[in-house]
Amino acid sequence: QVQLVESGGGLVQAGGSLRLSCAASGRTFSNYNMGWFRQAPGKLREFVARITWSGGSTYYADSVKGRFTISRDNAKNTVYLQMNSLKPEDTAVYYCAARKAALSVYDYWGQGTQVTVSS
């Protein structure tokens, strides 16, 4: 089992920045590929970004490319999502998730952290 706990959400004005953290415990964190997802009210959960176990490869949704950066610190068992130039449409609950294989389903999910961007 892997336990994931997100933090860092909050209320920010459009154009501002936030950094989300996701702390992992349980199994060896460095064995897992990590992802960030978000779900806005009334919408389906959508992919935001992912990073491989080593941090050597990242991938972003078009909607956040150039504004968000995913990174990880395996020594701290933590994955981050740096969010810059935030827009009101970025308002959502943000979730981190973990999976063993790069193209498998995500096996473990955190409880989410709310991000609200005011216009």
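Going by the structure above, here's the rest.
**Some words on the side chain of R72**
- Assignment of secondary structure puts R72 in strand β7 (residues 68–73).
- A polar contact of 2.8 Å, which involves the side chain of R72, links it to the backbone oxygen of Y32.
- A polar atom in the side chain of R72 sits 2.7 Å from the side chain of N74.

**Considering the environment of L86**
- Looking at the element boundaries, L86 is found in the loop between β8 (78–83) and β9 (92–99).
- When the C-alpha atoms of L86 and G35 are compared, they prove to be 19 Å apart, with 51 residues separating the residues in sequence.
- If we skip the residues at most four places from it in the chain, L86 touches V12, A14, G15, G16, S17, L18, R67, F68 and V117.

**Let's talk about the pattern of salt bridges**
- According to the stated counting rule, one finds four salt bridges in the structure shown.
- With a closest N to O distance of 2.9 Å, D90 and R38 form a salt bridge. One end of the pair, D90, is in the loop between β8 and β9; the other, R38, is in strand β4 (residues 33–39), with 52 residues separating them in the sequence. Across the pair, exposure class does not vary: D90 and R38 are buried alike.
- Its salt-bridge partner being R67, residue D90 comes within 2.7 Å of it at the nearest N-O pair. Of this pair, D90 sits in the loop between β8 and β9 while R67 sits in the loop between β6 (58–60) and β7, and the two are 23 residues apart along the sequence.
- On the accessibility criterion, D90 (0% relative accessible area) is buried.
- Among the residues examined, R67 registers a relative accessible area of 11% and is labelled buried.
- Salt bridges sharing partners connect three or more residues here, namely R38, E46, R67 and D90.

Rules of the game
Residues numbered from 1 in each chain as written. Predicted model: local features only at pLDDT ≥ 70, side-chain atom pairs only at ≥ 80, totals over all residues. Heavy atoms only, no water. Helix = DSSP H or I, 4+ residues; strand = E, 2+ residues; numbered from the N terminus. Polar contact = N/O pair within 3.5 Å; in protein donor to acceptor, adjacent residues only side chain to side chain. Contact = heavy atoms within 4.5 Å. Salt bridge = Lys/Arg side-chain N within 4 Å of Asp/Glu carboxyl O. Buried < 20%, exposed > 50% of the residue type's maximum accessible area, 1.4 Å probe, protein only.

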